[in-house]
Amino acid sequence: MSLFKWNDGFLVGNPEIDAQHKRLFQLADQLHDAMTAGKAKETLSQTLASLIGYTRVHFASEERLMQKHAYPDYAVHKAEHDKLTAKVLDFQKDFNAGRSVMTIDLMQFLKNWLANHIGQTDKKVAAHIKQKAA
Ligand code: FEO
């Protein structure tokens, strides 16, 4: 069973952010599938790179939105993005060098991070943007 099954409880109410989150779930799901299917390291490495690449695109896009709408907790939110980015880039370096393996614990960590971050931190951004537009 997939860890990264989208459900509408993750919707934050901003179409741009929601579409990007859905795509993140799809990419994370592909990585989870590749891992559980025992795919070769090269495949895992490429799938991981796609997920990390899109995560960075998404974070940058969300940060632009926060700045555009003068979001007051921008710095705290960006720090959460930066911390996760640093962690996954470290993992990617170790994985590609053969010093780390892909584990279900890592997948579970990502799932929990996404669920918590989207459910709490991102929802506040969407609410702020909606309030500003009203
Ligand atoms: Fe959707 Fe703050 O990441």
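Residues numbered from 1 in each chain as written. Predicted model: local features only at pLDDT ≥ 70, side-chain atom pairs only at ≥ 80, totals over all residues. Heavy atoms only, no water.

*Asks:* Residues and numbers for the packing of aromatic side chains, please.
*Replies:* By convention here, two paired aromatic rings are described through the distance between centres and the angle between planes. Scanning the model with the defined rule gives 6 aromatic pairs in all. Consider the rings of W6 and F10, whose centres lie 5.6 Å apart with planes at 50°: the pair is tilted. Comparing W6 with F10 shows no difference in burial state: the two are buried. Taking 5.8 Å as the distance between ring centres and 25° as the angle between the ring planes, the aromatic pair formed by F91 and F95 counts as stacked. (Phe/Tyr/Trp six-rings, centres within 6.5 Å; stacked < 30°, edge-to-face > 60°. Buried < 20%, exposed > 50% of the residue type's maximum accessible area, 1.4 Å probe, protein only.)

*Asks:* Explain the nonpolar core to me, using residue names and the numbers behind them.
*Replies:* In this structure, F4, M102 and M107 are the most contacted members of the largest nonpolar core, which totals 36 residues. Where this core is concerned, the elements lending two or more residues are helix 1 (15-36), helix 2 (41-68), helix 3 (74-96) and helix 4 (104-133). (Core = buried A, V, L, I, M, F, W, Y, C linked by side-chain atoms within 4.5 Å. Helix = DSSP H or I, 4+ residues; strand = E, 2+ residues; numbered from the N terminus.)

*Asks:* Explain the packing of helix 1 against helix 2 residue by residue, including any values.
*Replies:* Close contact between helix 1 and helix 2 brings their axes to 9 Å; oriented N to C, the two are set at 165°. By the angle between their axes, helix 1 is roughly antiparallel relative to helix 2. Once helix 1 is placed against helix 2, the crossing between them reads as left-handed. In this structure, helix 1 contributes E16, I17, Q20, H21, R23, L24, L27, A28, Q30, L31, A34 and M35 to the contact, and helix 2 contributes L44, T47, L48, S50, L51, Y54, T55, H58, S61, E62 and L65. Residue composition of the contact of helix 1 with helix 2, grouped by class: 12 nonpolar, 8 polar and 3 charged. (Axes fitted to C-alpha atoms, helices over the stretch in contact; angles between N-to-C directions. Parallel < 35°, antiparallel > 145°, perpendicular 65-115°, else oblique. Left-handed = near helix turned anticlockwise from the far one by under 90°. Contact = heavy atoms within 4.5 Å. Nonpolar A, V, L, I, M, F, W, Y, C, P; charged D, E, K, R; others polar.)

*Asks:* How would you summarise helix 1 if you had to cite specific residues and measurements?
*Replies:* With 22 residues, helix 1 should reach 32 Å at 1.5 Å per residue; the first-to-last C-alpha distance of 31 Å fits that figure. Within the span of helix 1, buried status applies to I17, D18, Q20, H21, L24, F25, L27, A28, L31, H32, A34 and M35. In this structure, the buried side of helix 1 is in contact with helix 2 and helix 4. The N-terminus of helix 1 is capped by N14, whose side-chain oxygen sits 3.2 Å from the backbone nitrogen of E16. Directly beyond the C-terminal end of helix 1, a positive phi value near 70° is found at G38. (Expected span 1.5 Å × (residues − 1). Polar contact = N/O pair within 3.5 Å; in protein donor to acceptor, adjacent residues only side chain to side chain.)

*Asks:* Just give me the short version of the pattern of salt bridges, but keep the residues and values in it.
*Replies:* Tallying each qualifying case throughout the model produces 2 salt bridges. A salt bridge links K78 to D82; its shortest N-O distance comes to 3.0 Å. Of this pair, K78 and D82 both sit in helix 3, separated by 4 residues, roughly a single helical turn. D82 gets classed as partly exposed once you look at its relative accessible area, which sits at 37%. Linking R99 and D94 is a salt bridge whose minimum nitrogen-to-oxygen distance equals 2.8 Å. (Salt bridge = Lys/Arg side-chain N within 4 Å of Asp/Glu carboxyl O.)

*Asks:* Could you give an account of the environment of A86, with specific residues and numbers?
*Replies:* The topology assignment puts A86 in helix 3. On the basis of relative accessible area, A86 is assigned to the partly exposed category, the value being 39%. For A86 and S45, which are 41 residues apart along the polypeptide, the C-alpha to C-alpha distance reads 17 Å.

*Asks:* I'd like to hear about helix 2, residue by residue, with values.
*Replies:* Its 28 residues give helix 2 an end-to-end C-alpha distance of 40 Å, which sits within 8% of 40 Å, the value for a rise of 1.5 Å per residue. In the stretch just after helix 2, A70 is the one whose phi turns positive, near 50°.

*Asks:* Lay out the side chain of T85 with the relevant residues and their values.
*Replies:* Mapped onto the secondary structure, T85 falls in helix 3. For T85, a relative accessible area of 13% puts it in the buried group. Here the side chain of T85 touches H81 through a polar contact of 2.8 Å, landing on its backbone oxygen. For T85, the contacting residues outside a window of four places in its chain are R56 and F59.

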